[in-house]
Amino acid sequence: MRTSLLAPIACGALLFTACKKESTSPTGDTSTPVTTSQILQGFAANIADANYTDLADKTSTLKDLISTFNAAPTDADLDACRTAWRNARNAWEQSEACLFGPVSSDNIDPRIDTWPVNFTDLEAQLAGGSTFDAAYINGLEDALKGFHPIEYLLWGQNGTKTAAQFTPREHEYLLALSVNLKDLTAELHTTWDTEASGYHQTFTTAGAGNVVYPTQRAAFEELVNAMAGICDEVANGKIGEPFTLQDPSLEESPYSGNSMTDFRNNMRGVENVYLGRYATDGAALEDLVREHDLQLDASVKQHIAAAKQALDNVTLPFGEAITSQPVQVQNAIDAINALAVVLEDELMPFVQLHTN
Amino acid sequence: MMRVRGPGMRAVRWMLVGTVVTLLSACVKEPAPWDDTPNNDVWFAGGTQTVFDQGSGAYSQAFPGLTAAELAIHGTGDMAFEATFVSAPSPVNPGLGPIFNSVSCANCHIADGRGRPPVPGEQPVSTLIRISVPGSDAHGGPTPVPGFGGQLQHRSIFGTTPEALVNTNYLEEPSTFADGTTYSLRRPAITLSAAYTPLPVDLMMSTRLAPPVFGLGLLEAIPEVDVRALADPGDADGDGISGRANNVWDHLDQRYTLGRFGWKAGQPTLLQQSAGAYVEDMGITSFLFPQESSAGQPQHDGTNDEPEVSDSLLYAVAFYVRTLAVPARRAIDDPQVVRGQELFVNAGCDRCHVPEHRTGVNVAFPSVSNQRIFPYTDLLLHDMGPELADGRPEFDADGTEWRTPALWGIGLSQTVNGHQYFLHDGRARDLSEAILWHGGEAETSRERFRTMTASERAALLAFLASL
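Residues numbered from 1 in each chain as written. Chains lettered and ligands numbered in written order. Predicted model: local features only at pLDDT ≥ 70, side-chain atom pairs only at ≥ 80, totals over all residues. Heavy atoms only, no water.

### Some thoughts on the domain arrangement of chain A
All names here are of chain A.
Logical step 1: What the domain assignment lists for chain A is domain 1 (2–42 + 199–354) and domain 2 (51–190).
Logical step 2: A separation of 28 Å is found between the C-alpha centroids of domain 1 and domain 2.
Logical step 3: If you look at the interface, domain 1 gives 29 residues, while domain 2 gives 27 residues.
Logical step 4: Among the residues of domain 1 in contact with domain 2, Glu-252, Tyr-255 and Tyr-278 are the three that bury the most area, contributing 37% of the side total.
Logical step 5: Run the count over domain 1 and domain 2 and you get four salt bridges.
Logical step 6: Residue Arg-89 is joined to Asp-262 by a salt bridge in which the shortest nitrogen-to-oxygen separation is 3.3 Å.
Logical step 7: Along the contact surface separating domain 1 from domain 2 lie 18 residue pairs in polar contact (both at pLDDT 80 or more).
Logical step 8: Here the side of domain 1 that touches domain 2 takes nine residues from helix α12 (residues 259–275), the largest share from any one element.
Logical step 9: Residue composition of the side of domain 1 that touches domain 2, grouped by class: 13 nonpolar, ten polar and six charged. (Domains from an automatic or database assignment. Contact = heavy atoms within 4.5 Å. Buried area = accessible area lost by both parts, 1.4 Å probe. Salt bridge = Lys/Arg side-chain N within 4 Å of Asp/Glu carboxyl O. Polar contact = N/O pair within 3.5 Å; in protein donor to acceptor, adjacent residues only side chain to side chain. Helix = DSSP H or I, 4+ residues; strand = E, 2+ residues; numbered from the N terminus. Nonpolar A, V, L, I, M, F, W, Y, C, P; charged D, E, K, R; others polar.)

### Remarks on the packing of aromatic side chains
Logical step 1: Enumeration according to the criterion identifies 32 aromatic pairs over all chains in this entry.
Logical step 2: Aromatic pair A:Tyr199 and A:Tyr213: ring centres 6.3 Å apart, planes at 80 degrees, arrangement edge-to-face. In this pair, A:Tyr199 sits in helix α10 (residues 198–204) while A:Tyr213 sits in the loop between α10 and α11 (216–245), placing the two residues 14 residues apart along the sequence. The same class applies to A:Tyr199 as to A:Tyr213, namely buried.
Logical step 3: In this structure an aromatic cluster arises from ring pairing among A:Phe43, A:Phe100, A:Trp192, A:Tyr199, A:Phe203 and A:Tyr213.
Logical step 4: A cation over an aromatic ring shows up here: B:Arg186 above the ring of B:Tyr170, its NZ or CZ 3.8 Å from the ring centre.
Logical step 5: Positioned over the ring face of B:Phe177 is B:Arg457, at 3.7 Å from the centre of the ring. (Phe/Tyr/Trp six-rings, centres within 6.5 Å; stacked < 30°, edge-to-face > 60°. Buried < 20%, exposed > 50% of the residue type's maximum accessible area, 1.4 Å probe, protein only. Lys NZ or Arg CZ within 6 Å of the ring centre and 35° of its normal.)

### What to know about the interface of chain B and chain A
Many analyses report the size of an interface as the accessible area lost when the parts associate.
Logical step 1: Chain B puts 43 residues into the contact, and the matching count from chain A is 42 residues.
Logical step 2: Buried surface at the junction of chain B and chain A, both sides included, amounts to about 3,400 Å², of which 60% is carbon and sulfur.
Logical step 3: Two residues, B:Arg155 and A:Glu141, come together in a salt bridge whose shortest N-O distance is 2.1 Å.
Logical step 4: Counting the contacts that link chain B with chain A gives nine residue pairs in polar contact (both at pLDDT 80 or more).
Logical step 5: Where the side of chain B that touches chain A is concerned, the elements lending two or more residues are α1 (7–23), α2 (68–82), β6 (155–156) and α9 (413–417) of chain B.
Logical step 6: Of all the elements, α9(B) adds the most residues to the side of chain B that touches chain A, at four residues.

Here it is as structure tokens:
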């Protein structure tokens, strides 16, 4: 049904925009015109580059703090490592609202965020005698490296680990994993950090002659699909699966109890892409929408706010909430799915109509 | 496929265009009429199961219009497709290995798309190697290698030895187009090392790249009789192109039937394809293949936890790939694309990459029923010449034959997967190289391409990019 509706819309868009040079729009408060090219540039600089810079910085800090912790293990230093892990996690989860490009095609996502942890092999690694150098860690299975094995080591199975409980092998493995995570996030950052090369260039030069995005419309569709995609993943995967099966073992960040924060950051990521704001604010989808359709702009913002509020209404740790706060959890799923519908059924046709 | 429209239709079309031109008279350039193609249906590569997504998620969309219940099964299969398996025992997704090629479906079929070949010095990440010795098994399939089976598992869980490691190298072979433009093809040289026990001297190997998994439900729905009707095993029409059906063993129905899936059409159904990948690629057993790939080998852990994937989950995964939609074509009315399509036909590419099919009527599953689709394949085996030959038979497919792969969606490869590695082992680095590797029955077509002018080649490639 959607197919038969969309085709005429797409064709209509072709007809009516074929002679437009570029859409222009005023930003929210000023009357400075914003072009579609500026919006793509704004995304690359203010979201992708900024978010991955932050992620690389935070994983670097995590690695440094783990070094400090390893040198003289104290509970205070362990807490500092845990906070650093959460901070890095915040940046990563926000970036999940734009999971396209090298993060996906270069297989970086599975190497830093595979779930679940392979406990059996992880314990075997710790019990074994291998030297945990960079090459060895790099060659490990994805389920033995990245955020979640680090989380497992920092918090322990029940989240109650103390500094004194760390074995020498755990210290060694933890540090090697943090180096690996730092390197992979740095690699990810380099794919977006230079305007004149890499995916930054690929994305911002969308249009004729670009193999990946032969039109600007394709790049705009990519943004909206990415936003809608993370909503679907959070509502129906990350929250929906453990909730439907009433199985807390399916929770994504169980040792740190960070799952609800993960979800909130995913929604913040959607908001970031729409507003064009991470560290700094710039040209974004919002500007294009506000030029033509204030009602749609209000609707997108209301739905984002509603999704965030619904997540805030879940007050227990996620693993408990799926059994003890089922109404709140279901409301969160519904609110996030409602946002996905607005993105897919309203924002998508909008960008298809207003880009070439 | 090229259907001539009646004059009545044409008149209506020009009236429409006239209106548009009047409306947009300020435009310098007249926009292309929206139906400036012989047939509008060709935009809808997957019939009504076409999606208008040209981004990195283009291969990952569900059929439009699935019922809520069907969408739930698709979603369950989607989760299972992405699920990472780990060593047993584990509370979540246990059962990996003990020997395997990958830890999840999605790890090779990245974004439901194509895997990539290893770079020299790297172990395979989304390719695998099928192995056998001469002869055939009880059902006419390849004979497993004693101590190794029919597929080489180059990875293992901790404490277990993989069957062997894979060493990949490429040899550059420079050549020229007829107009003097140079190109270079790279020929893979694959060797095995560190085998846990000696490999037989008569070992046959075939490298396989993980292919895209969208649109397969529609290919599964093409009536067997229609596929067989395209076959011309003795080349009776003398056009130099034979086309043979593979006949393979269906483990569920316990009978021989048409092979449709895999690089040599060795699998008859998506259910069997999925179950086969579970057990061989990941070491995950199912009701269809309850025996571990390592059975009878020292790597086998001897545990009795089969099947490791439940029947319902296996059916859900098969349903997931069955209901992945096909991306719509793009830029069909671009003059270069139109020209490229003519060249594609003139060069005879469409003799094997048959553009159009009609799926059978299926009252039980209306989504794939009676669809006009444009996959650009005949699902048949063709001799592709000695350059591409793997020398390893698979049921009725001999060592030089490959099944025509579908071309739909191929223009989005760079967007979805970030690379353009094509053919069964990913040796081709773009579509031009993929064409230039064609030999055997496709040699004439390849030569037509090689002798084209630069602008003709560009047009042909622009046409492929629009698929």
